[in-house]
Amino acid sequence: MKTPSPFYIKTLFSVLFALLFIGQTQAQKKERLRLSVNHFSVIDQEDYLNILARYKGESGYEPVSGISLEIFQVLAEDSLISLGNIDTNTDGIAKFIIKNKRAHVADTVFDFSYLVQFEGDDKFRSADSDISVSALGLTASIEIIDSIPHIQAKMIDPKTGEALTEEPLRVRLKRLFKPLIIGEDTYFTDEEGQISVAVPGGLQGENGQLDFEVVLDEHDTYGTVISHVTADFGIVPTDESTFNSRELWSPAGKTPVFMLIFPNLLIFGIWFVILLSFRNLLLIFKSKNNENN
Amino acid sequence: MSAYQQLVEELAPRKFSKAGVIWVIFLVVLIVAGVIAYIDQIIQGQVVTNMRDYALWGVYISNFVFFVATSFVGSMTAAILRLTNNSWRTPLVRIAEIIAFAAIIMAGITIVLDMGRPDRLYHLFINARLQSPITWDVIIITTYIAISFLILYLPLLPDLAILKKYYKDKPALSKWYGKLSLNWTGSAAQRKIQNKTIQMVAVLIIPVALILQTIDAWLFSTTYRIGWDSTNFGPYFIAGAFLVGTGCLIATVYIIRKVYKLEKYITDFHFDRLGKMLVLAALIYTYFNINEYLLPYYTTPEAEAKHLYELYFGHYAGMFWFVTIGGLLMPVIVLLFKKGRSPKVLFWVSVVVVITSWWKRYLIVTPTLLEPFLPIQGVPESWRTYWPSLHEWLITFATLAGACLIITLLVRYLPVIPVERTALEKGIISNGKEEQS
């Protein structure tokens, strides 16, 4: 039998090794994580980042839940300061409330820059995303004009104090699930950086309180900025629940009165005759005894 | 032997013949099989039935409605004929009362068989809501049982006293009849109380029977379901009960007449009258069926049209037309002719009427449940159809056998034809005292 030459043996091992390596590489192939970051600023309340983590799965973009993200503020000369960590929820979303931020230290035209970083894990490669925003002065108030309440809002650049014109603002009434748009979908600020929107009547609010929001939505420079203004001219909602009233579908203790009266009259009337009949049977039985006496 | 003694001899209860014993054994075997199936149903739960998310009421409820309807015969013949003083009723009323009593007892039992947790029966009472048709049903069935007992028992008192004397050579039996007759002597005082009470109960049972049938209908029509959501349902059920009750009465009367050889007392004239009553019942029920099935076809929304289509031409078409032709049209056509009202033909017509009436209840209950307004999500496709399981059939047959056994035992120990009243009508006695002849 002819012995294989060392060349063939080397070649064979090389091919096997290459196949094994390719297989391992494919097995370890990690998905690319996509991070999108939005900055929200609620005037006089809080600033936060809304982060969405996704990857491109077989059926389109799918949320990545339960991954840990680290949030940094970007300072001068690209130095970073960690603001904290947060995990994504089942929808791949994380809301990171920004505390301890440092003001006006970025070396860009923006006031604040943030970096969201994912270090990578068994399934996803490392990823990051950044966002930069500037501070905005957005004030909202209620004014009564010709007996009609109006929401007035003003946008200014806080650094220069100049009015910001032709900027789109939305006015909404805060609701439990989805805000109610007041007036038109979008209003643009005038040359004084103002809008004025009439509030329609008949709006309901808990204890008559209405919580309006003036919103600058996903602006390239300022991000999303929300200013709240409350008013007490809402209509107090009346409880129209039939839970405590006597209805056909109420529990036994809340039977409608007519149902208590008429069926019971029928039932007791019929059973009175039945019991009378049984009493008469007893009388028949006793009448024999009386005859004997 | 005097005419009176001969009458008592002919009408007194008799021992079972060989065929009677076999009949009772057959019924007991069916009941035992049903009890075994029921015990297994309690142990394993209602998973042994074929009732699922769609058909959450099945053959048990159909059977219950059938029993409730059959019990209507008691008020129909016993009360109406009694109050209108129809003399031809005499040999029929007690049989009608016995059927009604047996049927309403079994209706009460059947509803318990349908419960997943029979040990919680008392919840029906302690958690009762007066707004619920289920509560009305519990109350009215209990009430109807009491009234059916009274309307059966009160007129029996003189006959039980007669049997006490008749069986004087059998002391144990005589003693029982004596006790059950409440020491009846036929005194003026006893008769006065008895007549007054019978009159009172006979008047009462008519509205109660109407309420019972109506509540039975409202169990369905108060739910917003295709095929049930109908203002026609109350009278429709009453008319249906009138038909099945009459059919059941005719079939039972025929068998008792044949077995006890009572041709002298239950004559062809009675069958002729009963035949006419059956035609009347079938015509009234046909009228309500037209209202229930034909008219909606013109105006009905899509979902109901689908339901009706299923009945007319679809999965249930065979059963629907069997019930409609066999239970409504055939009796009317056959019984319009005098020969059709002869006892034998009338008996077979009545048997068909009773069978179709049972299936009619099945058609009222099941197809509607299988066609909800919204399809039920996440259930196997097989749950969209329903046919009773072996457990359900065994239990159902046991209840039917139970009703037959109650009737058989009552017929065995009670005079099926009122002895004293027959003697009075024939002038053999006057005021309970034997005429000297």
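Our subject is the structure that appears above.
The sections below set out a description of the structure shown in this document. (Residues numbered from 1 in each chain as written. Chains lettered and ligands numbered in written order. Predicted model: local features only at pLDDT ≥ 70, side-chain atom pairs only at ≥ 80, totals over all residues.)

### Description of the overall build of chain A
Stated precisely, the cut-off is as follows: The secondary structure listing takes helices from DSSP runs of H or I that are at least 4 residues long and strands from runs of E that are at least 2 residues long, numbered from the N terminus. Counting other C-beta atoms within 10 Å of its own, a residue is labelled buried from 20 upward, exposed at 12 or fewer, and partly exposed in the gap between, with every C-beta atom placed from the backbone. By the criterion used throughout, residues are in contact when their C-beta atoms, derived from the backbone, lie within 7 Å.
Check the secondary structure of chain A and you find 2 helices and 16 strands. Burial analysis of chain A (293 residues in total) assigns 22% to the buried set. In chain A, 54% of the contacts between residues at least 6 apart in sequence involve partners at least 24 apart.

### Some thoughts on helix 12 (residues 268-294) of chain B
Residue and element names in this part refer to chain B. The test is simple: To estimate the expected span of a helix, subtract one from its residue number and multiply by 1.5 Å.
For helix 12, spanning 27 residues, the distance from its first C-alpha to its last is 37 Å, which sits close to the expected 39 Å at 1.5 Å a residue. All of the buried residues in helix 12 are F271, L274, G275, M277, L278, V279, A281, A282, Y285 and N289. Those residues of helix 12 that are buried lie in contact with helix 11 (233-260), helix 15 (317-335) and helix 16 (343-370).

### Thoughts on the interface of chain B and chain A
The condition that has to hold: Ten residues, namely Ala, Val, Leu, Ile, Met, Phe, Trp, Tyr, Cys and Pro, are considered nonpolar, four, namely Asp, Glu, Lys and Arg, are considered charged, and the remaining ones, Gly among them, are considered polar.
With 24 residues of chain B in contact, the opposing surface of chain A contributes 21 residues. Contributions of two or more residues to the side of chain B that touches chain A are made by helix 7 (133-153) and helix 10 (188-221) of chain B. The leading source of residues in the side of chain B that touches chain A is helix 10 of chain B, at 9 residues. Across the side of chain B that touches chain A, the residue classes break down as 14 nonpolar, 9 polar and 1 charged.

### Quick word on helix 3 (residues 59-70) of chain B
All names here are of chain B. Its 12 residues place the ends of helix 3 16 Å apart at the C-alpha level, agreeing with the 16 Å of an ideal helix rising 1.5 Å per residue. The element helix 3 is largely enclosed, with a buried count of 12 among its 12 residues. Taken together, the buried positions of helix 3 are occupied by V59, Y60, I61, S62, N63, F64, V65, F66, F67, V68, A69 and T70. Its buried side turned inward, helix 3 meets helix 4 (72-83), helix 5 (90-113), helix 10, helix 11, helix 16 and helix 17 (390-413).

### Topic: the environment of L11 of chain B
Residue position: L11 of chain B is located in helix 1 (residues 3-11). C-alpha separation for the pair L11 of chain B and I417 of chain B, spaced 406 residues apart in sequence, amounts to 6.5 Å.

### Quick look at the nonpolar core
Threshold: By our criterion, buried Ala, Val, Leu, Ile, Met, Phe, Trp, Tyr and Cys residues that link up through C-beta atoms within 7 Å make up a nonpolar core.
Formed by 125 residues in total, the largest nonpolar core has its most connected members in I99 and L249 of chain B. Counting residues in hydrophobic clusters, the runner-up holds 42 residues, among them L33, V74, L164 and V199 of chain A.

### Quick word on the sheet that holds strand 10 (residues 148-156) of chain A
Residue and element names in this part refer to chain A. The condition that has to hold: Strand pairing is defined by DSSP finding a minimum of two bridges between the two strands. Between N-to-C directions, angles span 0 to 180 degrees; the directions come from axes that are lines fitted to C-alpha atoms, helices contributing only their stretch in contact.
Pairing is antiparallel in the open sheet, where 3 strands are placed in the order 9-10-14. Two strands close off the open sheet at either side, each with one partner strand: strand 9 (137-145) and strand 14 (194-198). Going from strand to strand, the sheet's axes swing by 20° on average, the running direction of each strand aside.

### Things to note about the pairing of strand 11 (residues 168-173) of chain A
Residues and elements named next belong to chain A. Bridge count between strand 11 and strand 13 (residues 187-188): 2 bridges; the pairing is antiparallel. Along strand 13, the bridge assignment pairs L169 with Y187. Pairing geometry for strand 11 and strand 15 (residues 210-219), over 4 bridges, is antiparallel. Within strand 15, the residue paired with L173 across the bridge is F212. Bridge count between strand 11 and strand 12 (residues 180-181): 2 bridges; the pairing is antiparallel. Counted as the bridge partner of L173 is L180 from strand 12. The antiparallel hairpin formed by strand 11 and strand 12 contains 6 residues in its connecting segment.

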